[in-house]
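Residues per chain are reported as follows:
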Amino acid sequence: MSSDRSKDVTPPPLPAPLAVPVADSHTHLDMQSGTVEEGLAKAASVGVTTVVQVGCDVNGSRWAADTAAAHPSVHATVALHPNEAPRIVLGDPDGWSRQGERPAGGDAALDEALAEIDRLAALPHVKGVGETGLDHFRTGPEGIAAQERSFRAHIEIAKRHGKALVIHDRDAHDDVLRILKEEGAPERTVFHCYSGDAEMARICAENGYFMSFAGNITFKNAQPLRDALAAAPRELVLVETDAPFLTPAPYRGRPNAPYLIPVTLRAMAAVKGLDEDTLAAAVSANTARAFGY
């Protein structure tokens, strides 16, 4: 969240439509301006005909499930974000999460929240469990135990319900891969906003993990990410916005939304040396396979 008052909040222009429709594999419609209907219509007008709406806490996960139930082009995932788990256990005195200030709830509160995620994960229009994983960037050492316990619980929930697992991995590559190995990854596992290098892409490929690339693939300093995309097999690549975050260049810093997927997909096609229709067809099939719709 930026407090920069000079930030440009003008929505970027509509890109040229894709000829082959694709899905935005990871978005947060509840954090974007305008109605859900407007956002979906704008996306569909440029060939982004499906979106995966991602839950990050109990309230957001309920909203994702309800929104998917109401809109055929929306699929939901439900979870406690890696930064949410420590806030539930240890409390959130600053109230910087969307729930505001919260007292420490301990392990019992985490169990209660996980039970609700488990209930939501059973719904037919919920196609994934996530975003879950580890975030060593925002949560300090005191929160690691809660994050790990939550991550392991989400892996178990995903496997029991036969749903995709959607991973948030920030500055935690080795630990995420280790826990997946220890617990046994679900049949369909997606690294959202893939942030590893080419070597990690090879490890993911060996394990059949999907890698979803976001607008940061277009950033000037993102050569390691482009190298990872080049190394990732075509049949394991997805595209996402993570909107309203990670707006692709040249619109970096302005609000992101699913309709900007074509900008990122075209940049990805250039990295892969493919024409955009070929990559769009692959990504479309991959996303449907990853989320089982």
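Figured I'd write up the structure that's included with this text. (Residues numbered from 1 in each chain as written. Predicted model: local features only at pLDDT ≥ 70, side-chain atom pairs only at ≥ 80, totals over all residues. Heavy atoms only, no water.)

What about the packing of helix α4 (residues 106–121) against helix α5 (residues 144–161)?
When two helices pack together, their arrangement is given by the angle between the helix axes and by the axis-to-axis distance. Where α4 contacts α5, the two axes come as close as 10 Å, and the packing angle between them is 25°. Judged by the angle between their axes, α4 and α5 are roughly parallel. The handedness of the crossing between α4 and α5 comes out as right-handed. Contacts from Asp 107, Leu 110, Asp 111, Leu 114, Ile 117, Asp 118 and Ala 121 of α4 reach α5 at Ala 146, Arg 149, Ser 150, Ala 153, His 154, Ile 157, Arg 160 and His 161. In the contact of α4 with α5, the residues fall into seven nonpolar, three polar and five charged. (Axes fitted to C-alpha atoms, helices over the stretch in contact; angles between N-to-C directions. Helix = DSSP H or I, 4+ residues; strand = E, 2+ residues; numbered from the N terminus. Parallel < 35°, antiparallel > 145°, perpendicular 65-115°, else oblique. Left-handed = near helix turned anticlockwise from the far one by under 90°. Contact = heavy atoms within 4.5 Å. Nonpolar A, V, L, I, M, F, W, Y, C, P; charged D, E, K, R; others polar.)

Some words on the environment of Ala 113
Looking at the element boundaries, Ala 113 is found in helix α4. For Ala 113, a relative accessible area of 8% translates into the label buried. Remark: the alpha-carbon pair of Ala 113 and Gly 253, spanning 140 residues in sequence, is separated by 33 Å. (Buried < 20%, exposed > 50% of the residue type's maximum accessible area, 1.4 Å probe, protein only.)

Focus: helix α7 (residues 198–207)
All buried positions along α7 are accounted for by Ala 198, Met 200, Ala 201 and Cys 204. Taken end-on, α7 shows its buried residues confined to a sector of 150°, consistent with a single buried face. Structurally, α7 contributes buried residues whose contacts are with β5 (164–170), α6 (173–183), β6 (189–191), β7 (210–213) and α8 (223–231). Of the residues that open α7, the one with a side-chain oxygen 3.3 Å from the backbone nitrogen of Glu 199 is Asp 197. Two residues or fewer past α7, Gly 208 is found with a positive phi of approximately 75°. (Arc of directions from axis to C-beta. Polar contact = N/O pair within 3.5 Å; in protein donor to acceptor, adjacent residues only side chain to side chain.)

Some remarks on the pattern of salt bridges
A complete count under the given rule lists 17 salt bridges for this structure. Of the charged contacts in the structure, one is a salt bridge between Glu 116 and Arg 119, with a shortest N-O distance of 2.9 Å. Of the two residues, Glu 116 and Arg 119 are both situated in helix α4; the distance of three residues between them amounts to about one turn of the helix. Each of Glu 148, Arg 152, Asp 175, Arg 178, Glu 182 and Glu 183 takes part in one network of salt bridges that share partners. (Salt bridge = Lys/Arg side-chain N within 4 Å of Asp/Glu carboxyl O.)

Here we look at the side chain of Ser 25
Structurally, the position occupied by Ser 25 is in strand β1 (residues 22–27). For Ser 25, the side chain forms a polar contact with the side chain of Ser 212, separated by 2.8 Å. Not counting residues within four places of it along the chain, the set of residues in contact with Ser 25 comprises Val 52, Ser 212, Leu 238, Val 239, Glu 240, Thr 287 and Phe 291.

A look at the state of the cysteines
By the definition in use, this model includes zero disulfides. Looking at Cys 56, it has no disulfide partner, and the nearest cysteine sulfur is the one in Cys 193, 12 Å off. Free cysteine Cys 204: the closest other cysteine sulfur is in Cys 193, separated by 13 Å. Given a relative accessible area of 0%, Cys 204 falls into the buried group. (Disulfide = S-S within 2.5 Å.)

Function-wise, these values are silent; they only describe arrangement.
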